[in-house]
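Working through the structure, step by step
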Amino acid sequence: MEKLMQIIKSNLFLKYPEIIFGFSTKIGLDRQGPFFFNLSFNVGDNPQIVQENREKFFDSLGLKSSQIAFQKQIHSDVIKFVDKTGSVGESDALITNKTNIGLAISVADCTSIFIYDKENKIIAAVHSGWRGTVKKILKKVLSNLSFHYKSKPENLIVFIGPSISQKNYEVGKDVAVLFDQKYLTVENQRLYLDVTSVNKDFLLDFGVPEENIEISNLCTYEEKELLHSFRRDKDKSGRMIGIIALKDI
């Protein structure tokens, strides 16, 4: 019997029937190691298995592979406005006001942010590791939503997905100096960075109410049975995908 897929949901997004959201895990279709239930073609997994995994995951959300917009994530601050599915090229944030387009973020430790403007019916999906966070990609997405769609902070509903927690995210001095000290802790002369908190502060500084922000408490590094982690598993790590889409009601 197939082991059921475990999919992470957002309690905030569940309040909005027009929003489709799901975040995959390592668990699905009884896939075994090293890659388990993996949704990336770029880690050395069998492409046919990856395609089947993707189709089953999207289907579980009520979507087809042909309805997903994918980006090649490059740790940039490049933002794409999406009006079609398929590959949209190199970027790290996607925005759309179209229905039936799933915006995909691939994750193996980095912070992912999913945004819904409930007033204007706009969605965004952001990939923000430390490089993207230094470049303030989320802040730029918020500015774009405000400028192009007149999005107001109080209308934004946000889910920050599972990522590596601060206590497991050691960085070098070259990275640490790029961040305010309040996002760093020092233990045994080692530096640890809290990327999620930087992004949360971008949201709060923009004016998003705290009650509109949901942050997953799952650490990709610690949840060995549930989540992929590149920091933990290196080249044996698969990838998860988070999807947000608007549907016609």
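Throughout what follows, the structure given in this document is the object of discussion. (Residues numbered from 1 in each chain as written. Predicted model: local features only at pLDDT ≥ 70, side-chain atom pairs only at ≥ 80, totals over all residues. Heavy atoms only, no water.)

1. Thoughts on the overall build of the chain
To keep things clear, this is the line we draw: Helix and strand definitions here come from DSSP, where helices need a minimum of 4 consecutive H or I residues and strands a minimum of 2 consecutive E residues; each element is numbered from the N-terminal end. We compute the radius of gyration over the C-alpha atoms and compare it with the globule rule, which gives 2.2 Å times the number of residues raised to the power 0.38. Think of it in three bands: with a 1.4 Å probe and only protein chains considered, a residue is buried below 20% of the maximum accessible area for its type, exposed above 50%, and partly exposed in between. Two residues form a contact once any of their heavy atoms are found within 4.5 Å. In these tables, accessible area is a Shrake-Rupley quantity obtained with a 1.4 Å probe, and a residue counts as shielded only by the protein chains included in the view. In this tally, Asp and Glu contribute negative charge and Lys and Arg positive charge; neither His nor the terminal groups of the chain are included. Throughout, a charge is located at the NZ atom of Lys, the CZ atom of Arg, the CG atom of Asp or the CD atom of Glu.
Across its full length, the chain carries 6 helices and 14 strands. The C-alpha radius of gyration computed for the chain amounts to 17 Å, which stays within 12% of the reference 18 Å derived for 249 residues, consistent with globular compactness. Based on the C-alpha atoms only, the size of the chain along its principal axes is roughly 50 × 45 × 30 Å. Taken over 249 residues, the chain has a buried fraction of 53%. For the chain, the proportion of contacts with a sequence separation of at least 24, taken over those separated by at least 6, is 63%. Summed over its atoms, the accessible surface of the chain is roughly 11900 Å², and 48% of this surface lies on carbon and sulfur atoms. Each charge sign in the chain was given a centre, from 33 positive and 31 negative side chains, and these centres are 3 Å apart.

2. Some words on the sheet that holds strand 5 (residues 93–96)
Spelled out, the test is: The criterion for strand pairing is that DSSP finds at least two bridges linking the strands in question. With axes taken as lines fitted to C-alpha atoms, and helix axes fitted only over the stretch in contact, angles between N-to-C directions fall between 0 and 180 degrees.
Read from one edge to the other, the open sheet built from 6 strands follows the order 3-5-8-7-9-13, with strand pairing classed as mixed. Of all the strands in the sheet, just strand 3 (79–81) and strand 13 (213–215) have a single pairing partner and so form its edges. Each strand axis lies, on average, 15° off the axis of its neighbour in the sheet, ignoring direction. Pairing between strand 7 (residues 111–117) and strand 9 (residues 156–160): 5 bridges, direction antiparallel. Bridge pairing in strand 9 links Tyr 116 to Ile 157. Packed onto the sheet, helix 3 (residues 137–149) meets strand 3, strand 5, strand 7, strand 8 (122–128) and strand 9 and runs at close to 160° relative to strand 8.

3. Considerations on the layout of surface pockets
The test is simple: Using only the protein atoms, space was sampled on a 1 Å grid; points where a 1.4 Å probe fits but cannot get out form cavities, open sets with protein on both sides within 12 Å along at least five of seven lines form pockets, and lining residues are those with an atom within 4 Å of a point. Grid points are joined across faces, edges and corners, and a volume is the space filled by probe spheres set on the points.
Of the pockets and cavities examined, the largest pocket occupies roughly 870 Å³. The wall of the largest pocket is formed by 31 residues, among which Gln 73, His 75, Ser 106, His 127 and Arg 239 lie closest to the centre. Of all elements in the fold, only strand 2 (68–72), strand 6 (102–107), helix 2 (130–134) and helix 6 (230–233) reach the threshold of two or more residues within the lining of the largest pocket.

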